[in-house]
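# Examining the three-dimensional arrangement
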Amino acid sequence: MEHYQLAVIGGGPGGYTAALRGSALGLKTILVERDALGGTCLNYGCIPTKVLTNSAGLFKKIKGAEDFGIETQGLSFSFSKIQERKKYVIDNLVQGVDGLLKGAKVDVFSGEGRLITPTKLELKRDSAEVKEVSVEKVILATGSQEVKLPLEGMDLPGVLTSKEALSLEEVPKNLTIIGGGVIGMEMASVFASFGSSVTVVELLPRILPTVDAEMSRRLTPLLRKQGINIMTKTKLEGIKEGESGLSVQVTTGKGEERLSADTVLISVGRRPDFGGQDLDSLGIEYDKTGIKVNENMETTVPGIYAVGDVASSGHLLAHVATHQGVIAAENVAGANEVYKEEAVPACIFTSPELASVGLTEEDAKEKGYKLKIGKFPFTANGKAFIQGESEGSVKIIADEEKGTILGVHILGPHASDLIQEGTVAVANKVTAHNLADIIHPHPTLCEATWEAAMAISKSPIHIRK
Ligand code: FAD
């Protein structure tokens, strides 16, 4: 029987990174993937959504280009070409991962992996057993799946998951999105830019319920201005076939309502996918949030680790999976690396983008901090004005007593790139005073972050008293 020092089950960002790191540390490594290398992120998640977001953003920008002195008569788009480009980008990135694994001499098995005991792994292809291998240590990186709603009409044609929505061949005329979370709002932004009439149905009082409440409140009217109809405190009751398309039954504060749509996207969250592992017989503890792990990413069975969406770490994000994959692989090789979750950046690729790291204002208050909050609007930032993207602001939350930055929230242009300054600040317990003392280049968007720090430490420069 073939023997491996490390077996990784699942080839998404958590799994392939763990395999690469394990191999780099000299471990004989096998990676098992039943679908496509790169997992949800590369094939059905981060990458395809961002290809569409990018094309949508470009289209929107060119539409507004006359303000910049550029003529754009006859502007149009081909959704099939955008989809072709999406495939091209995905194929390239997946081939890149394949090449990295080959280069690192990781054995890749295309098929299903199931742990029979903590040291015996069964490998199957097309439901037929291919072989068993013995393993010393295991990293489970089997990811997550969409949550399905137990309601009428979920199987009707035109009622889609995000995976299916990303492969649409045409832009829907009337799109109803159930769930105003990250995926729902990104899809709303994309399809509204391509001309869909979009309605978002959200059960809670606000969209993006996990982000800082003020930032969610500021983003909502900006999205409404783009034509997105946002219905909060609204509950989906079921979907029926209507006279022309689908009839979406919802309950609002005012009673029952029917919304017509040709396409409905169900986007109400994701749950861990245990990948067919018999966790009970292996003795691995888990709950509905995922496999329980300690700070070393090790499960309740020594030698078996879990990373990414399947681990109960709370953040279903690709960069978290990647980071945890590195930590788990290093611990398999004998290190004592620890996962810290205080400074996890999270980016929402709406238009404008919303990115955050650390505590929200609500969380910080609940934890008992007295706060000093610095804000700076992009309307007062030269670069944002030049770009014609002055919507949004930077908000820094600091501990009043020590000045330590607890959270940074950025709504505005390139927020997903700007947030990393906040991540470095939160991770290293930097004070607002320290940040205000650092020279920021001009003219740039990151001057808005500096001004928000100045608003806490001294006073902002470019705000008229
Ligand atoms: P996955 O990427 O899900 O990989 C798990 C892999 O394991 C899968 O390929 C699966 O086939 C395989 N597998 C499962 N069981 C077995 C088995 N028994 N044998 C063999 N293989 C198995 N995150 C971000 O950070 N930024 C974004 O912009 C972003 N956008 C997203 C957009 C969408 C529409 C979605 C759905 C998700 C998005 N995410 C984003 C989340 C991100 O995709 C996930 O957090 C990330 O993919 C998790 O990585 P993972 O390695 O844990 O799992």
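Note that this is a predicted model, so its numbers are computed, not measured. (Residues numbered from 1 in each chain as written. Predicted model: local features only at pLDDT ≥ 70, side-chain atom pairs only at ≥ 80, totals over all residues. Heavy atoms only, no water.)

## Brief notes about the site of the ligand
Within the structure, the ligand sits among 40 residues, and Glu-33, Thr-40, Lys-50, Gly-275 and Ala-318 are positioned closest to it. Between Pro-13 and the ligand, the recorded distance is 3.4 Å, taken from a backbone N or O atom to an oxygen atom. Gly-113 has a polar backbone atom sitting 3.0 Å from a nitrogen atom of the ligand. Expressed as a share of its isolated accessible area of 1000 Å², the protein-covered part of the ligand is 94%. Sorting the residues of the shell around the ligand by element identifies helix H1 (13-24), strand E2 (29-33), helix H2 (39-44), helix H3 (46-63), strand E4 (112-117) and helix H9 (318-332) as the ones contributing at least two each. With 4 residues, H2 is the single largest residue contributor to the shell around the ligand. (Near = heavy atom within 4 Å. Polar contact = N/O pair within 3.5 Å; in protein donor to acceptor, adjacent residues only side chain to side chain. Areas by Shrake-Rupley, 256 points an atom, 1.4 Å probe, with all protein chains shown as cover. Helix = DSSP H or I, 4+ residues; strand = E, 2+ residues; numbered from the N terminus.)

## Section: the layout of surface pockets
Reported here for the second largest pocket is a volume of approximately 1000 Å³. Taken together, 33 residues line the second largest pocket, and the ones lying closest to its centre are Gly-57, Lys-60, Lys-61, Ser-351 and Glu-389. If you tally residues by element for the lining of the second largest pocket, the top one is H3, at 8 residues. Looking at the lining of the second largest pocket residue by residue, the classes come out as 9 nonpolar, 15 polar and 9 charged. (1 Å grid on protein atoms, 1.4 Å probe; cavity = no way out; pocket = protein on both sides within 12 Å on 5 of 7 lines; lining within 4 Å. Points joined across faces, edges and corners; volume = space filled by probe spheres on them. Nonpolar A, V, L, I, M, F, W, Y, C, P; charged D, E, K, R; others polar.)

## A short note on the packing of aromatic side chains
Inspection of the entire model under this criterion finds 6 aromatic pairs. Centre to centre, the rings of Phe-59 and Phe-77 are 5.0 Å apart; their planes meet at 75 degrees, and the pair counts as edge-to-face. Here Phe-59, found in helix H3, pairs with Phe-77, found in the loop between H3 and helix H4 (79-103); they are 18 residues apart in sequence, far enough to count as distant. Note on Phe-59: relative accessible area 13%, which makes it buried. Taken together, Phe-59, Phe-77, Phe-79, Phe-191 and Phe-194 form an aromatic cluster joined through their ring pairs. Taking the ring centre of Tyr-4 as reference, the NZ or CZ of Lys-28 above it sits at 4.1 Å. We note Lys-163 situated over the ring of Tyr-44; from NZ or CZ to the ring centre the distance is 4.2 Å. (Phe/Tyr/Trp six-rings, centres within 6.5 Å; stacked < 30°, edge-to-face > 60°. Buried < 20%, exposed > 50% of the residue type's maximum accessible area, 1.4 Å probe, protein only. Lys NZ or Arg CZ within 6 Å of the ring centre and 35° of its normal.)

## Quick notes on the sheet that holds strand E14 (residues 255-261)
Sheets are built from strands paired through backbone hydrogen bonds, the pairs being either parallel or antiparallel. An order of E12-E13-E14 is seen for the 3 strands of this open sheet, with the pairing classed as antiparallel. Edge positions in the sheet fall to strand E12 (235-242) and E14, since each of these pairs with one other strand and no more. Across the sheet, the mean angle separating the axes of adjacent strands is 25 degrees when strand polarity is ignored. Summarising the sheet, E12 and strand E13 (residues 245-252) pair through 7 bridges and their orientation is antiparallel. (Pairing = 2+ DSSP bridges. Axes fitted to C-alpha atoms, helices over the stretch in contact; angles between N-to-C directions.)

## Description of the packing of H1 against H4
Packed helix pairs are characterised by how far apart their axes lie and by the angle those axes make with each other. Taken N-terminus to C-terminus, the directions of H1 and H4 make an angle of 25 degrees; their axes are 9 Å apart at the nearest point. One finds that H1 runs roughly parallel with respect to H4. For the element pair H1 and H4, the recorded crossing hand is left-handed. In contact with Tyr-16, Ala-19 and Leu-20 of H1, H4 contributes Val-97, Leu-100 and Leu-101. Class assignment for the residues of the contact of H1 with H4 results in 6 nonpolar, no polar and no charged. (Parallel < 35°, antiparallel > 145°, perpendicular 65-115°, else oblique. Left-handed = near helix turned anticlockwise from the far one by under 90°. Contact = heavy atoms within 4.5 Å.)

## A short note on the pattern of salt bridges
The final tally for this structure, using the stated rule, is 19 salt bridges. When the shortest N-O distance is used, the salt bridge between Glu-2 and Lys-131 registers 3.3 Å. Pair noted here: Glu-2 is in the segment before strand E1 (3-9) and Lys-131 is in strand E6 (residues 128-140), with a separation of 129 residues, a long-range link. Judged by its relative accessible area of 35%, Glu-2 falls in the partly exposed class. (Salt bridge = Lys/Arg side-chain N within 4 Å of Asp/Glu carboxyl O.)

## Observations regarding a nonpolar patch on the surface
Where nonpolar side chains cluster on the molecular surface, the patch consists of Leu-58, Ile-62 and Leu-75 and spans about 230 Å² of accessible area. Relative to the assigned elements, Leu-75 resides in the loop between H3 and H4. (Patch = residues over 30% accessible without salt bridge, like charges linked within 9 Å, V, L, I, M, F, W, Y side chains within 5 Å.)

## Digging into unusual backbone geometry
A cis amide bond links Ser-351 to the next residue, Pro-352, at an omega of 0 degrees. As for its placement among the helices and strands, Pro-352 is situated in the loop between strand E20 (346-348) and strand E21 (353-358). Cis geometry is found at the peptide bond from His-442 to Pro-443, where omega equals -10 degrees. Looking at the element boundaries, Pro-443 is found in the loop between helix H13 (432-436) and helix H14 (447-457). The phi dihedral of Met-297 is positive, around 70 degrees, even though this residue is not glycine. Locating Met-297 in the fold gives a position in the loop between strand E18 (290-291) and strand E19 (304-306). Classification of Met-297 as buried rests on a relative accessible area of 1%.

## Some words on the environment of Ala-343
Within the secondary structure, Ala-343 sits in the loop between H9 and E20. C-alpha separation for the pair Ala-343 and Ala-425, spaced 82 residues apart in sequence, amounts to 8.8 Å. Those residues in contact with Ala-343 that lie beyond four places of it in its chain are Val-357, Thr-423, Val-426 and Ala-427.

## With respect to the pairing of E13
Of all the 8 residues making up E13, 6 are buried; the element is thus mostly covered by neighbouring parts of the structure. Following E12, the chain reverses through 2 residues before pairing antiparallel with E13. The pairing of E13 with E14 spans 7 bridges and is antiparallel. Among the inter-strand pairings, Val-250 is bridged to a residue of E14, identified as Glu-257. If you look at the hairpin formed by E13 and E14, you'll find 2 residues sitting between the two strands.

## Details of the nonpolar core
Residues Leu-101, Leu-121, Ile-139 and Leu-140 are the most contacted members of the largest nonpolar core, which totals 50 residues. Those residues in contact with Leu-140, other than ones at most four positions away along the chain, are Ile-9, Gln-277, Leu-279, Ile-284, Ile-291, Ile-304, Tyr-305, Ala-306, Val-307 and Val-310. If you look at the next biggest cluster of nonpolar residues, it comprises 33 residues, including Leu-52, Leu-175, Val-200 and Leu-208. (Core = buried A, V, L, I, M, F, W, Y, C linked by side-chain atoms within 4.5 Å.)

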